[in-house]
Amino acid sequence: MTANDFSKGRVWQNIVSQAIPLTLAQLVQLLYNVVDRIYIGHLPGADNTALTGIGLTFPIVTLIAAFTNLFGTGGTPLFSIARGAREEEKAEEILGNVCSLLLGSSVLLFTLCYLFRRPVLYLFGASDASYVYADQYLRIYLLGTAFSMVSTGLNGFINAQGFPKIGMLTTVLGAALNLILDPIFIFQMDMGVGGAALATVISQLVSAVWVLCFLTGKRALLKIKRRNLKLQWGLVKNIMSLGASGFIMQGTNCLVQVVCNATLQSYGGDLYVGIMTVLNSVREVLSLPVGGVASGAQPVLGYNYGARAYGRVRQGIRFSALTGITYTMVAWMVVMAVPRQLIAVFSNDAAMQEAGPEALKIYFFGFFFMAFQFAGQSVFQSLGYAKWAIFFSLLRKAVIVVPLTLLLPGLGFGIQGVFLAEPISNAIGGLASFFTMWLTVYRRLPAEDGG
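Residues numbered from 1 in each chain as written. Predicted model: local features only at pLDDT ≥ 70, side-chain atom pairs only at ≥ 80, totals over all residues. Heavy atoms only, no water.

### Details of the overall build of the chain
Here is step 1: Helices and strands together make up the secondary structure of the chain, namely 18 helices and zero strands.
Here is step 2: Its C-alpha atoms give the chain a radius of gyration of 21 Å, near enough to 22 Å, the size a compact globule of 451 residues would have.
Here is step 3: Projected onto the principal axes, the alpha-carbon positions of the chain cover approximately 65 × 45 × 35 Å.
Here is step 4: A total of 451 residues make up the chain; the buried ones form 59% of that total.
Here is step 5: Accessible area for the chain stands at about 17,800 Å²; split by element, carbon and sulfur atoms hold 66% of it.
Here is step 6: Where the 30 positive side-chain charges of the chain centre and where its 20 negative ones centre are 12 Å apart. (Helix = DSSP H or I, 4+ residues; strand = E, 2+ residues; numbered from the N terminus. Rg over C-alpha atoms; globule rule 2.2 N^0.38 Å. Buried < 20%, exposed > 50% of the residue type's maximum accessible area, 1.4 Å probe, protein only. Areas by Shrake-Rupley, 256 points an atom, 1.4 Å probe, with all protein chains shown as cover. Lys, Arg positive; Asp, Glu negative; His and termini not counted. Charge placed at Lys NZ, Arg CZ, Asp CG, Glu CD.)

Right, here's the structure in full:
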């Protein structure tokens with residue numbers, strides 16, 4: 001049990017031991033979508049329209065991720081705190097309830113998104129040309145809603161039990177299969193965009209089966225049990241309260257994507273919607289390490305907080321914050337140095353190569369401020385400060401990004417105003433989140449560990 005006991009050993013080593021496999025797992029998870037975009041961006045004869053079509057599906061994919069976070073990231077910190085307090089029966093009840101919530105919501109989301117996909121895609125900024133590609137992808141991708149939510153939402157419970165390598169394998173298996181199937185379905189079987197979606201669904205199915213087999217098998221310390229699948233409304237309320245920050249963060253991401261795509265379509269057409277698809281892809285990849293450190297710190301912080309080891313909680317907060325800030329500074333410099341090469345990974349289209357690099361530089365300006373947001377949000381969520389986590393999720397996206405995206409283009413910034421909204425929100429929202437956490441949580445932790 002020592003390897004699964006986060007109150008033992010050096011705090012930074014516990015975080016790193018969680019963060020490395022988590023980051024690799026998240027990277028592999030991201031490959032599900034990023035590899036699809038790379039292949040689709042290089043489809044013969046599709047210029048940038050196919051990539052634009054995929055970008056139009058982002059808000060729906062993000063909406064599914066939002067509900068996954070509502071239950072998965074809401075239940076995992078509660079699970080870790082219960083483990084730290086040696087309340088194993090309660091931890092298993094939390095796990096069972098999260099499983100039921102994920103399955104039930106996946107059925108509802110699939111039904112609504114599938115039935116209303118046409119009007120929704122046009123609302124999100126589709127043109128007649130890009131809708132064809134968006135619909136081909138989405139109508140197949142939605143078939144894997146339950147697989148995606150179960151594999152992603154329950155994988156955190158494997159990591160929270162001290163098995164990050166097993167958690168990493170969840171996504172490695174699926175993503176490796178996706179890498180194999182993508183070129184077969186897209187090019188050899190000439191299925192195009194639909195082939196990319198089918199490869200993703202099959203891969204997500206494999207990942208979901210892996211997670212369920214582990215959490216019901218002998219190796220898991222705490223398991224999914226049938227008696228715990230019945231919803232307990234007290235637990236559901238706590239899960240949703242703590243998961244609301246993750247839900248709102250993804251939900252506001254969905255809102256931002258809709259507003260950005262619609263504004264870009266209005267000011268620049270399909271080309272700039274396609275460019276935003278590339279920028280989102282680059283951001284997702286580059287933010288993975290700082291997100292991995294934040295995610296790796298969560299079970300460690302939650303466990304030690306539940307065990308009243310407050311000195312270790314402080315150490316964990318300092319380490320994760322400094323690591324994230326250092327990394328994002330380096331990542332920012334890389335983006336500024338090779339913007340054209342980053343665009344070329346996703347498309348060789350001449351128009352995108354002309355307009356994309358400048359948009360990339362604006363969008364990523366001051367990228368290191370994102371680390372402050374991650375650090376603050378991670379602590380609030382790890383230690384159960386749900387209201388603060390929700391507030392700062394709303395502040396950066398809904399209060400800052402969305403209004404700026406709508407206002408800046410009309411104030412003389414034109415199309416560049418859409419890309420400028422991101423760095424402004426990172427600076428204001430990130431610093432506000434971090435320093436509020438520092439003053440209201442870090443400095444108020446008890447000076448001595450509890451008994």
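There is more to say, and it comes next.
### A few points about the nonpolar core
Here is step 1: Residues L154, L279 and F419 are the most contacted members of the largest nonpolar core, which totals 125 residues.
Here is step 2: If near-sequence neighbours (up to four positions away) are discounted, F419 is found in contact with L264, Y272, I275, M276, L279, A359, I362 and Y363. (Core = buried A, V, L, I, M, F, W, Y, C linked by side-chain atoms within 4.5 Å. Contact = heavy atoms within 4.5 Å.)

### Brief notes about helix α12 (residues 288-306)
Here is step 1: The end-to-end C-alpha distance of α12, which contains 19 residues, comes to 27 Å, matching closely the 27 Å that a straight helix rising 1.5 Å per residue would cover.
Here is step 2: Along α12, the largest kink reaches about 25° and is centred on Q298; proline P299 follows within four residues of it.
Here is step 3: Along α12, 14 of the 19 residues are buried, which leaves the element largely enclosed by surrounding structure.
Here is step 4: Phi for R308, located one or two positions after α12, is positive at around 60°. (Expected span 1.5 Å × (residues − 1). Bend = angle between axes of the 7 residues up to and from the residue.)

### Quick look at the packing of helix α11 (residues 270-286) against helix α15 (residues 350-363)
Here is step 1: Remark: α11 packs on α15, axes separated minimally by 10 Å, with the N-to-C direction vectors making an angle of 50°. Compared by their axis directions, α11 and α15 come out oblique. For the pair α11 and α15, the sense of crossing is right-handed. For the pair α11 and α15, the contacting residues are L271, Y272, G274, I275, M276, V278, L279, N280, V282 and R283 in the first and A351, M352, A355, G356, A359, L360 and Y363 in the second. (Axes fitted to C-alpha atoms, helices over the stretch in contact; angles between N-to-C directions. Parallel < 35°, antiparallel > 145°, perpendicular 65-115°, else oblique. Left-handed = near helix turned anticlockwise from the far one by under 90°.)

### Remarks on unusual backbone geometry
Here is step 1: Here the phi dihedral of D190 falls at roughly 55°; this positive angle occurs in a residue that is not glycine.
Here is step 2: Residue position: D190 is located in the loop between α8 (164-188) and α9 (192-215).
Here is step 3: Despite not being glycine, R308 has its phi angle at roughly 60°, a positive value.
Here is step 4: Along the chain, the position of R308 falls in the loop between α12 and α13 (310-337).
Here is step 5: Note on R308: relative accessible area 44%, which makes it partly exposed.

### Points about a nonpolar patch on the surface
Here is step 1: Taken together, the side chains of I20, L24, L27 and V285 define a hydrophobic patch exposed on the protein surface, amounting to about 290 Å² of accessible area.
Here is step 2: In terms of residue count, helix α1 (residues 11-41) provides more of the nonpolar patch than any other element does, three residues in total.
Here is step 3: With respect to the helices, strands and loops of the structure, I20 is situated in helix α1. (Patch = residues over 30% accessible without salt bridge, like charges linked within 9 Å, V, L, I, M, F, W, Y side chains within 5 Å. Salt bridge = Lys/Arg side-chain N within 4 Å of Asp/Glu carboxyl O.)

### So, the environment of L215
Here is step 1: Summarising the element assignment, L215 is placed in helix α9.
Here is step 2: Overall, L215 belongs to the buried group, its relative accessible area being 0%.
Here is step 3: Along the backbone, L215 and L154 are 61 residues apart, and their C-alpha atoms lie at a distance of 8.6 Å.
Here is step 4: With residues up to four places along the chain from it excluded, the contact list for L215 reads L95, L154, I158, Q161, A220, L222, K223 and I224.

### Some points on the state of the cysteines
Here is step 1: With the rule as written, the count across this model stands at zero disulfides.
Here is step 2: The cysteine C213 is free of any disulfide, with C99 supplying the nearest cysteine sulfur at 12 Å.
Here is step 3: Of the cysteine sulfurs around C260, a residue in no disulfide, the closest is that of C254, at 12 Å. (Disulfide = S-S within 2.5 Å.)

### Some points on α11
Here is step 1: Taking 1.5 Å per residue as the helical rise, α11 with its 17 residues ought to reach 24 Å, and the 25 Å between its terminal C-alpha atoms agrees with that figure.
Here is step 2: Judged by how many residues are buried, α11 sits mostly within the fold: 15 of 17 residues are covered.

### Some thoughts on the pattern of salt bridges
Here is step 1: Here the structure, examined in full by the defined rule, presents six salt bridges.
Here is step 2: For the salt bridge of R117 with D135, the shortest nitrogen-to-oxygen distance reads 2.6 Å. Remark: D135 occurs in helix α6 (residues 128-141) and R117 occurs in helix α5 (residues 117-123); sequence separation between them is 18 residues. Each member of the pair, R117 together with D135, is buried.
Here is step 3: Put simply, E422 and R396 hold a salt bridge, and the shortest N to O gap is 3.6 Å. One end of the pair, E422, is in helix α18 (residues 416-440); the other, R396, is in helix α17 (residues 386-407), with 26 residues separating them in the sequence. The burial state of E422 is the same as that of R396; both residues are buried.

### Regarding the packing of α11 against α18
Here is step 1: Viewed as axis vectors pointing N to C, α11 and α18 meet at an angle of 20°, and their least axial separation amounts to 11 Å. As the angle between them shows, α11 and α18 are arranged roughly parallel. Read as a crossing pair, α11 and α18 show a hand that is right-handed. Between α11 and α18, the contacting residues are Y272, I275, M276, L279 and R283 on the first element and V418, F419 and E422 on the second.
Here is step 2: Looking at the contact of α11 with α18, its residues break down into six nonpolar, no polar and two charged. (Nonpolar A, V, L, I, M, F, W, Y, C, P; charged D, E, K, R; others polar.)

### Brief notes about the environment of V201
Here is step 1: As for its position among the elements, V201 is in helix α9.
Here is step 2: As a C-alpha pair, V201 and A146 span 55 residues in sequence and 9.8 Å in three-dimensional space.
Here is step 3: In this view, V201 contacts I140, Y141, L143, G144 and F147; residues no more than four positions away in its chain are not counted.

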